[in-house]
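# Fold and contact review
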Amino acid sequence: MLVALSDTHGEADPRLTDHLREAITAADCVCHAGDFATTAVLEAFEGLADRLVAVHGNSDSAAVRARLPATATVQALGRRFLVVHGHEHDRTALSFLARQENADAVVVGHTHRAATERVGEVPVVNPGSHADPRGSRPAYAAFEMGTGGVVGRLCTPDGESFATVRV
């Protein structure tokens, strides 16, 4: 399982529900699309995840930005995922970047709003924010191998699935 999150905006801890903490520790890979805010929050995720692939966002401290790239790719579940915060990418730029990185899916944050869409042929998944949804539904994304391929689900921090996308 791959768990994707974004926009934690924490000061000292990752602000996780018990369910989400368990999902992160059980995941083969955790992707975070930026805006941890502090190194303490980044280090908390590093301590929980067996494999953390993360990028920095526009609200991350200079110390976090110094430790993380602006974009990352990860091979998981037989697919190539591109991870980017998204504050510097419109749909056209995301499409070009996904094609350049040979990505099967894009994980993008920044808006705090969980959503799925297709940019060209590539699914783009915004896991929203589990801790700072700013008027949207708090959420994260989980990707698993299903019948016929990889399926991504948008879930509440308590694990209730409310949208799916095929990768």
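Structural data are supplied above this passage.
Before going into details, it helps to say that this report is about the structure given with it. (Residues numbered from 1 in each chain as written. Predicted model: local features only at pLDDT ≥ 70, side-chain atom pairs only at ≥ 80, totals over all residues. Heavy atoms only, no water.)

### Comments concerning the environment of Pro123
Here Pro123 shows up in strand β8 (residues 122-126). Judged by relative accessible area, which is 2%, Pro123 ranks as buried. Sequence separation of Pro123 and Met145 is 22 residues, and the distance between their C-alpha atoms is 16 Å. Those residues within four positions of Pro123 in sequence are excluded, and the remaining contacts are Asp104, Ala105, Val106, Glu117, Arg118, Val165, Arg166 and Val167. (Helix = DSSP H or I, 4+ residues; strand = E, 2+ residues; numbered from the N terminus. Buried < 20%, exposed > 50% of the residue type's maximum accessible area, 1.4 Å probe, protein only. Contact = heavy atoms within 4.5 Å.)

### Focus on the state of the cysteines
Summed over the entire model, instances satisfying the criterion amount to zero disulfides. Cys29 takes part in no disulfide bond, and the closest cysteine sulfur to it belongs to Cys31, at a distance of 4.2 Å. With no disulfide of its own, Cys155 lies closest to Cys31 among cysteine sulfurs, the gap being 15 Å. (Disulfide = S-S within 2.5 Å.)

### Here's the deal with the pattern of salt bridges
Two side chains of opposite charge can pair, provided their charged atoms sit close to one another. Here the structure, examined in full by the defined rule, presents six salt bridges. Where Arg67 meets Glu46, a salt bridge forms, and the shortest distance between an N and an O atom there is 2.9 Å. Within this pair, whereas Arg67 is found in helix α3 (residues 62-67), its partner Glu46 is found in helix α2 (residues 39-48), the two being separated by 21 residues in sequence. The residue Arg91 makes a salt bridge to Glu117 at a minimum N-O spacing of 3.4 Å. Taken together, the residues span a long stretch of sequence, with Arg91 in helix α4 (residues 91-100) and Glu117 in strand β7 (residues 115-119) at a distance of 26 residues. Where salt bridges share partners, they join Glu43, Glu46 and Arg67 into one cluster. (Salt bridge = Lys/Arg side-chain N within 4 Å of Asp/Glu carboxyl O.)

### Concerning unusual backbone geometry
At Arg15, a residue that is not glycine, the phi angle is positive and equals roughly 55°. As for its placement among the helices and strands, Arg15 is situated in the loop between β1 (2-5) and α1 (18-26).

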